[in-house]
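Spelled out from the first residue to the last, the chains are:
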Amino acid sequence: AQSVTQLDSHVSVSEGTPVLLRCNYSSSYSPSLFWYVQHPNKGLQLLLKYTSAATLVKGINGFEAEFKKSETSFHLTKPSAHMSDAAEYFCVVSANTGFQKLLFGTGTRLLVSP
Amino acid sequence: SAVISQKPSRDICQRGTSLTIQCQVDSQVTMMFWYRQQPGQSLTLIATANQGSEATYESGFVIDKFPISRPNLTFSTLTVSNMSPEDSSIYLCSVSGGEDTDTQYFGPGTRLTVL
């Protein structure tokens with residue numbers, strides 16, 4: 001069975017400081033992993049996707065994530081937060097149960113203060 | 001990536017009524033999915049809709065409550081039937097297909113409030 005755990009429900013940073021959003025997964029095979037972002041009153045936007053080509057994945061808006069199989073982690077980082085990064089972030093794993101199902105983490109709300 | 005639109009964007013409904021949500025994609029896609037996002041929560045998959053076949057529902061969701069249509073490769077509808085306040089949620093459709101069958105792209109969502 002697959003599962004995904006986002007370790008922090010809220011993360012607060014100051015503008016210009018680094019961002020770290022933590023995600024751990026459990027899977028019996030090599031999964032695809034995703035980060036999606038949801039801005040207030042908006043739909044979900046794909047930030048980045050890991051398959052198996054490279055462990056460090058670069059996404060949009062300066063975000064990147066590193067796949068660490070030994071730690072079963074897929075943490076999302078950004079060197080310098082911007083006010084516009086304030087949003088809800090979801091770590092997602094492909095469920096491998098057919099029909100390309102996705103399993104969503106509970107989400108991390110990123111707060112950015114001036 | 002595909003451009004996805006949903007109608008309506010939001011609605012306020014009375015309990016006991018039904019609402020049909022439309023999802024339109026600007027290109028042909030293999031799979032369409034419907035999700036529910038309850039207030040302050042993550043996304044839960046309701047069902048998977050493949051064109052030309054019956055939708056496949058997840059545990060806890062039934063066709064009588066959430067009937068789905070998928071008449072062609074660019075369109076789907078989700079109906080929320082006999083609504084109660086507990087159905088107040090954001091309903092999102094997503095699509096996958098083409099070469100990257102693993103990745104899903106989401107519509108903007110329909111915010112439903114049931115009084």
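Residues numbered from 1 in each chain as written. Chains lettered and ligands numbered in written order. Predicted model: local features only at pLDDT ≥ 70, side-chain atom pairs only at ≥ 80, totals over all residues. Heavy atoms only, no water.

> Would you take a moment to explain the sheet that holds strand E7 (residues 68-72) of chain B for this structure?
The strands that make up a sheet pair up through hydrogen bonds in the backbone, lying either parallel or antiparallel. All names here are of chain B. Reading across from one edge, E1-E3-E8-E7 is the order of the 4 strands in this open sheet, with antiparallel pairing throughout. The open sheet is flanked by strand E1 (4-7) and E7, the only strands paired with a single partner. Taken over all neighbouring pairs, the strand axes of this sheet differ in orientation by 15 degrees on average, direction set aside. Where strand E3 (residues 19-25) lies against strand E8 (residues 75-80), 6 bridges are found, and the strand directions are antiparallel. Pairing of Leu 19 across the sheet is with Val 80, part of E8. (Pairing = 2+ DSSP bridges. Helix = DSSP H or I, 4+ residues; strand = E, 2+ residues; numbered from the N terminus. Axes fitted to C-alpha atoms, helices over the stretch in contact; angles between N-to-C directions.)

> What is the right way to look at the interface of chain A and chain B in this model?
One frequently used descriptor of interface size is the decrease in accessible area upon assembly of the parts. At the junction of the two partners, chain A supplies 19 residues and chain B supplies 24 residues. At the surface where chain A touches chain B, the tally comes to 1 salt bridge. Taking the shortest distance from any N to any O, the salt bridge between B:Glu58 and A:Lys101 comes out at 2.8 Å. Counting the contacts that link chain A with chain B gives 5 residue pairs in polar contact (both at pLDDT 80 or more). Of all the elements in the fold, those that place two or more residues in the side of chain A that touches chain B are strand E5 (33-38), strand E6 (44-50), strand E10 (87-94) and strand E11 (102-104) of chain A. Considered class by class, the residues forming the side of chain A that touches chain B number 8 nonpolar, 8 polar and 3 charged. (Contact = heavy atoms within 4.5 Å. Salt bridge = Lys/Arg side-chain N within 4 Å of Asp/Glu carboxyl O. Polar contact = N/O pair within 3.5 Å; in protein donor to acceptor, adjacent residues only side chain to side chain. Nonpolar A, V, L, I, M, F, W, Y, C, P; charged D, E, K, R; others polar.)

By themselves, these are just geometric observations and shouldn't be taken as functional.
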